[in-house]
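# Understanding the architecture of this molecule
Listed here are the chains, written in short residue letters.
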Amino acid sequence: MRKHSYVILTVCLSLFTINSTIAQTPDVFRLEYMLMPENSGDVETSRIKLVLNVPIAVRDKKDFLVLGAEYNRYNFEVPDDLFPDSGDLSKFHVLDVNLAYMYKLTESWRLIGVVTPRWSTNFVQELQNEDFNMNYTVGAYKNVKDVDKPYMLVLGISYNGTSPIDIPLPFVYFEKRFHPNWAYTLGAPKSGMKYFTKKGHFFQTEIFLDGYYVNIQNDILLPGNNLSTDVSSTALLLTIGYQYKITKDMSVYFIGGRSIYQNSALRNEERDDIFTLNDASGLYFRTGIRIGI
């Protein structure tokens, strides 16, 4: 890849952070399980995600301070004989602490800044300096609700401490309810269509990017005397999903689909792709429960 694909992943992961903070119904709590079964590359990936956010009203309830955290644990199963110490890649841990401030500029526009300390590691040893990096996001969003066709627009720039391009990168996201039962989204990390019913049922189809970038604590020596210091994954996914509202704020959901593009790779200190772990397409499933506000 390869840096072009990795830059796209960097922007998309940053937008996941800001979009989950400013969404129309942000997650106060979410517990989720994801599975990508063994594909033709003999690789299986699963993930457990836990999200907690606490919005605190300030300045006469005009602004919000959002304190949050997101934890992801990946189980990554590759053949034992792929290379020495392949077992060190069996589990990855990614912990984000999100500190966000939302400032009310006008009735429609909000400004937001997010600071995200991140620890990402395979945790075979104690924490190291290389496990830690900082991400920063600054943006603005317009949320128009009391009209026949409500919409939300997000614009901003994001800086990721692990990006191979050491400059802030722009992003844009647009969502519009163009019919009482239909909405569409355009942008990164996802685009798609949504269908709503009056009884709490919600259907959607999406195309989106997902992935991770994790430090390898003890490094891995590969054939050709190549030393891998990090592991990354990028997947372009096409899915169909269903969500049901148990209460006004609590929902359960199930999403299934397939990866259109997949690349999991070991990287060296310069973040170059030096060993491909998985580049085969496969099935994708995700289910969970969420509580919004």
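Residues numbered from 1 in each chain as written. Predicted model: local features only at pLDDT ≥ 70, side-chain atom pairs only at ≥ 80, totals over all residues. Heavy atoms only, no water.

## What to know about the overall build of the protein
Within the protein, the secondary structure is distributed over one helix and 15 strands. Here the protein, with 293 residues, has 47% of them falling under the buried criterion. Of all intrachain contacts in the protein linking residues separated by at least 6 positions in sequence, the fraction that spans at least 24 positions is 55%. Only carbon and sulfur atoms are counted for the fraction: they give 59% of the accessible area of the protein, which is about 14,500 Å². (Helix = DSSP H or I, 4+ residues; strand = E, 2+ residues; numbered from the N terminus. Buried < 20%, exposed > 50% of the residue type's maximum accessible area, 1.4 Å probe, protein only. Contact = heavy atoms within 4.5 Å. Areas by Shrake-Rupley, 256 points an atom, 1.4 Å probe, with all protein chains shown as cover.)

## Comments concerning the pattern of salt bridges
Per the stated rule, a full pass over the model turns up 12 salt bridges. In this structure, D210 and R47 form a salt bridge, with 3.0 Å as the shortest nitrogen-oxygen distance. Note that D210 is positioned in strand β11 (residues 201-222) and R47 in strand β2 (residues 44-58), a separation of 163 residues in sequence. A relative accessible area of 4% places R47 in the buried class. The closest approach of N and O atoms between R59 and D63, which form a salt bridge, is 2.6 Å. The class of R59 is partly exposed, set by a relative accessible area of 39%. With a relative accessible area of 0%, D63 lands in the buried category. Through salt bridges with shared partners, a single network forms among D27, R30, E32, R47, D210, R286 and R290. (Salt bridge = Lys/Arg side-chain N within 4 Å of Asp/Glu carboxyl O.)

## Quick look at the pairing of strand β3 (residues 63-77)
Pairing of β2 with β3 involves 15 bridges; the strand directions are antiparallel. Paired with R47 across the bridge in β3 is Y74. The turn linking β2 back onto β3 is made up of four residues, and R59 within it adopts a positive phi angle of 55°. In the sheet, β3 pairs with strand β4 (residues 91-104) via 12 bridges, with the strands oriented antiparallel. When the sheet's bridge partners are listed, N75 is paired in β4 with K91. (Pairing = 2+ DSSP bridges.)

## Some thoughts on the environment of S281
Residue position: S281 is located in the loop between β14 (273-278) and β15 (283-292). Owing to a relative accessible area of 26%, S281 belongs among the partly exposed residues under this scheme. Residues S281 and R258 lie 23 residues apart in sequence; the distance between their C-alpha atoms is 7.2 Å. Once you skip the residues sitting within four places of it in the chain, S281 turns out to touch N39, R258, S259 and I260. Side-chain polar atoms of S281 contact the backbone oxygen of S259, separated by 3.2 Å. Separated by 3.5 Å, the side chain of S281 and the backbone oxygen of I260 make a polar contact. (Polar contact = N/O pair within 3.5 Å; in protein donor to acceptor, adjacent residues only side chain to side chain.)

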